[in-house]
Amino acid sequence: MAYTEEELKKELETKEYEYGFYTDIDSDTFPVGLNEDIVRAISKRKNEPNWMTEWRLDAYEKFLKMEEPDWANVTYKKPDLQSISYYSAPKSQVKYDSLDEVDPELLKTFEKLGISLEEQKKLAGVAVDIVMDSVSVATTFKDTLAEKGIIFCSISEAIKERPELVKKYIGSVIPRTDNYYAALNSAVFSDGSFCYIPKGVHCPMELSTYFRINQAGTGQFERTLVIADEGSYVSYLEGCTAPARDENQLHAAVVELIALDDAEIKYSTVQNWFPGDKNGKGGVFNFVTKRGICHERAKISWTQVETGSAVTWKYPSCILKGNDSIGEFYSIALTNNYQQADTGTKMIHLGKRTKSTIISKGISAGHSQNSYRGLVKVGANAKNARNFSQCDSLLMGNSCGAHTFPYIEAKSKTAKIEHEATTSKIGEDQIFYCNQRGIDTEKAIALIVNGFSKEVLNKLPMEFAVEAQKLLEISLEGSVG
Amino acid sequence: MELKETLLSSYMAFDAQDGPQRKLQDQRAAAIEVFEQQGFPSNKEEDWKYTSLRALTKVDYSVFPKEEVSLKLEEVKQYILQDVDTYKIVFVDGIYNAYLSETTHEGADICLLSAALTKRKYAPIIKKYFNQIAEKEASLTALNTAFTNEGAFIYVPEGKQVEKPVQIIHFATTKNPKLLLQPRNLIVLEKNAELQVVERHQSLSDNTTFTNVVTEIFTEQNAQLDYYKIQNDQSQASLIDSTYIAQQKHSHAKVHTFSLGGKLIRNNLNFYHKAPEIISTMKGITLIEGEQFVDHHTLVHHAHPNSESHQDYKGIYAEKATGVFNGKIVVEKEAQKTNAFQKNNNILMDDKASINTKPQLEIFADDVKCSHGCTIGQLDEDALFYLQTRGIPKKEARGLLTYAFANNVLQSVQIDSVKKRINKLIAEKLGVNIGFDV
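All of these numbers come straight from a predicted model, not from anything done at the bench. Within every chain, residues take consecutive numbers counted from 1 along the sequence as written. Ligands are numbered from 1 and chains lettered from A, in the order in which they are written. With the structure being a predicted model, the display of local features is reserved for residues of pLDDT at least 70 and the display and counting of side-chain atom pairs for 80 or more, all residues being used for whole-chain, interface and lining totals.

### Description of the domain arrangement of chain B
Residue and element names in this part refer to chain B.
Then, in step 1: Domain extents, as shown, originate in an automatic or database domain assignment. Each assigned domain of chain B is listed with its residue range as follows: domain 1 (3-275) and domain 2 (379-438).
Then, in step 2: The straight-line distance from the C-alpha centre of domain 1 to that of domain 2 is 32 Å.
Then, in step 3: By the convention adopted here, residues are in contact when the distance between their C-beta atoms, placed from the backbone, does not exceed 7 Å. With twelve residues of domain 1 at the contact, the number on the domain 2 side is nine residues.
Then, in step 4: Listed by contribution, the elements that provide at least two residues to the side of domain 1 that touches domain 2 are β8 (194-203), β10 (224-232) and β12 (252-261).
Then, in step 5: Residues are sorted three ways: Asp, Glu, Lys and Arg are charged, Ala, Val, Leu, Ile, Met, Phe, Trp, Tyr, Cys and Pro are nonpolar, and all the rest, Gly among them, are polar. Tallied by class, residues from the side of domain 1 that touches domain 2 come to seven nonpolar, three polar and two charged. Per the convention used, a helix needs a DSSP run of H or I reaching at least four residues, while a strand needs a run of E reaching at least two, with both numbered from the N terminus.

This is the structure:
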């Protein structure tokens, strides 16, 4: 029987979150609510030095003076920050020597998600710093990295062991007052990853973390800091899947990248937080601040595949401060059912001959709303700056929406900026052509969506590209082969 | 006293006066309330992010002209299209000037809003159309509505093609400095009607003037409208132009905006589709220098299937000039098979010039073709070099290339005399002799 768009729509609607399961592990959870004592308690629990506690309290003070922003093209019930528990760690605090010692329940979770640690270790050669709720429970490949002088650890460890690096760079790209959620994160961040690549070192493997929200009613506030010293290179992967929850969960992470002279950072994300069920009930709020700074001749490349979250609010940005620096942004955002995504990037050109490329692909289905919001800003001193932006949207069904809000501000006569955007649906003639060649409609839609996203998928590291494709499949199950 | 306060108290005086505005008591009262609540828009509002009215609202404007001024034709001849036969509706400091005007009631009504408001025969038209499409919640439009008194009124009945273009010209003179002009135009094209309009605001001195004009246009089924806005004012004249167009089935509305001078120009150009199969076209050339500021805000609201919209805006910014372009296309769920295209190309000539552009798409229907393209760049150095090798001096070569850049928009101008005039103005601005006619 021919597969019609109607059937596809039906399938999309009935598709439940595949990874929605809950692991029963004892968690050490703080009482709900937010106040100065909680901030102190988090800091104390993590045995942080005094300057860090002060830094957090300062952020908290600033946070109190700020208001939740509402300019984004999303509507949601504002989370009650007083009903969230700000710290949750799996109870067993011991560091494991081998995987056998890890709580078997935890390992099962990973297996269900298809990320067996052994397999990752052996086959993919990926060092995984797993954040289950908030605390790192396993760090692998540390020794291999240590040989090269690369530091890859949790941020709490870094605060204790490399305070000079953390002190110098934390909050340097995203100040605590940057926005409401960045301020909140600065005050209460529970854990996250820290990475430092020394001068001239080419990181031999893809660094990777998996985040997931596990404990019911636990907000997650990761903090990631990646520093690539002069002439170094690192490729960093981040991916998330989250168990199904009925009440909305808040995820407010902060990611800061620092690329010193001639360094290159490639940061890839696959985001698959629980998007809520087909009626738009539940799901994760993903309010993330990501920003990188490029010094002379440095390069930062953001690649993201966004398929999850009930509400996404995320703009990975590049400050192109150094001359000849390069910023890139490749994104696929897929929304289905009642998901809402407002995502894009900011490219701030300050240095001479800076270049930036933006490729954004939005796919909206069901009742979802998908917005691209971007800023390209060329300062007066950014001579011969160059930007190319392309935003394409694909709509499936007439209950969804696709929006573009590109802001372009040029203050230099030597700037060259191009922006183009298109919105369309999958052409009937394209599907007909495929049918005619013996490809059924389901496969045809798969082909077309894959082709539509190819420019971005190609930018992902190999292992991740496979996972990303799988995610697109799950999110548009039935249509993508 | 702040300008807002001044205006609110002027409203009381205006309200107490006898005049055509009496007919609109309720609508005006509602409008002044909106303005009182919102005041002048600030940079904190998304729509006014790049455009500051602060300097403008610091001036102590008056809404009432002190004296009626008569002008000799020689004084203003250069601002009126002469080489083509036209109807003219001319206002001097906001007051209708019969001597310079040429109106008619034969075939179509081309006259004054004040006349239309007071004559019984126009009551049904006023009731049906006045203040029906203008955005009631926009504070500057509301301010205009509150002070509605005078403007152009054009009513083209079914099947009538107005044979001559209509010129709507507003002059500001030296006699009434610091005058806030708020003309209100109402243009209705019935079924199968056709009309061409050329609108111009001109200050005759370097006095500070501020015009807040609102135009409502209705194109009924199959009506064809061709509208030209020439904005080439003195360096102390500011203009906020809000145009609202409601289109019915098979109608085609075209608006060309030529922004060539003035202190601050803000164009709010809004198209609302009320039925399927509509075409909307808007084109513009902006060519400014000094510290001039031009802001184009366009909106096309596609609410019904099988419609088209085309936008093409070219901007050339020299010295310290600043440009803003914000083009918004909304495609509602019902508006399947919509084709909406938008293009905005800009050239920055000098280092202190800047441009902020935001092409915006909001799309809720799936079977559509929508695109927008936007570029910011410079003249092609190779092309410049090529022309120089052919013996064309650099200045002329630059002029020619800039001219060519904007020419696309000129080509769709239907009135030859307008085309020639704009051509001349652009050549003058660029300081070159183009040496040929278009």
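Right, picking up where we left off after that structure.
### Topic: helix α9 (residues 394-410) of chain B
Residue and element names in this part refer to chain B.
Then, in step 1: Here α9 is 17 residues long and its end C-alpha atoms lie 24 Å apart, about the 24 Å a rise of 1.5 Å per residue gives.
Then, in step 2: Remark: the principal bend of α9, roughly 35°, maps to Ala404.
Then, in step 3: Exposure classes come from backbone-placed C-beta atoms, where a residue is buried if 20 or more other C-beta atoms lie within 10 Å of its own, exposed if 12 or fewer do, and partly exposed in between. Every buried residue belonging to α9 is among Ala397, Gly399, Thr402, Tyr403, Phe405 and Ala406, and all of these are buried.
Then, in step 4: Contacts from the buried residues of α9 go to β14 (279-288), β16 (308-317), β18 (339-348), α8 (381-389) and α10 (416-430). Here a helix's expected span is defined as the number of its residues, less one, multiplied by 1.5 Å. At any given residue, the bend is defined as the angle formed between two axes, one fitted to the seven residues that end at that position and one fitted to the seven that begin there.

### Observations concerning the nonpolar core
Then, in step 1: Here a nonpolar core is just a set of buried residues of the types Ala, Val, Leu, Ile, Met, Phe, Trp, Tyr and Cys, joined wherever their C-beta atoms sit within 7 Å. Formed by 225 residues in total, the largest nonpolar core has its most connected members in Cys195, Ala228, Ala259 and Ile265 of chain A.
Then, in step 2: When residues no more than four places from it in sequence are discounted, the contact partners of Cys195 of chain A are Ile151, Phe152, Leu207, Val226, Ile227, Val234 and Tyr236 of chain A.

### Some points on the pairing of strand β20 (residues 369-377) of chain B
Then, in step 1: In β20 of chain B, alternate side chains face the same way, and those of Cys370, His372, Cys374 and Ile376 of chain B are buried while those of Lys369, Ser371, Gly373, Thr375 and Gly377 of chain B on the opposite face are not.
Then, in step 2: Here, any two strands with at least 2 DSSP bridges between them count as paired. One ladder, built from seven bridges, connects strand β24 (residues 416-425) of chain A with β20 of chain B; its direction is antiparallel. In the strand pairing of β20 of chain B, Ala421 of chain A is matched with His372 of chain B.
Then, in step 3: Alignment of β18 of chain B against β20 of chain B, held across nine bridges, turns out to be parallel. Within β20 of chain B, the residue paired with Lys343 of chain B across the bridge is Gly373 of chain B.

### Describing unusual backbone geometry
Outside of glycine, negative phi angles account for most residues, and trans bonds account for most peptide bonds.
All names here are of chain A.
Then, in step 1: Notably, Asp262 is not glycine yet its phi reads approximately 60°, a positive angle.
Then, in step 2: Residue placement: Asp262 occurs in the loop between β11 (254-259) and β12 (264-272).
Then, in step 3: Residue class for Asp262 comes out buried when judged on the 21 C-beta atoms lying within 10 Å of it.

### Points about the domain arrangement of chain A
Residues and elements named next belong to chain A.
Then, in step 1: Annotation of chain A at the domain level lists domain 1 (19-426) and domain 2 (427-481).
Then, in step 2: Each partner contributes residues to the interface: domain 1 has 23 residues there, and domain 2 has 21 residues.
Then, in step 3: Looking at the side of domain 1 that touches domain 2, the elements that each hand over two or more residues are β9 (233-241), β12, β14 (299-306), β17 (326-335) and β20 (355-364).
Then, in step 4: Looking at which element gives the most residues to the side of domain 1 that touches domain 2, the answer is β17, with four residues.
Then, in step 5: When its residues are assigned to classes, the side of domain 1 that touches domain 2 shows 13 nonpolar, eight polar and two charged.

### Re helix α9 (residues 180-188) of chain A
Residue and element names in this part refer to chain A.
Then, in step 1: The element α9 is extensively covered by neighbouring structure, given that eight of its nine residues are classed as buried.
Then, in step 2: Buried residues of α9: Tyr181, Ala182, Ala183, Leu184, Asn185, Ser186, Ala187 and Val188, and no others.
Then, in step 3: Among the structural elements, α2 (36-45), α3 (50-64), β8 (223-228), β11 and β13 (284-294) are those in contact with the buried residues of α9.

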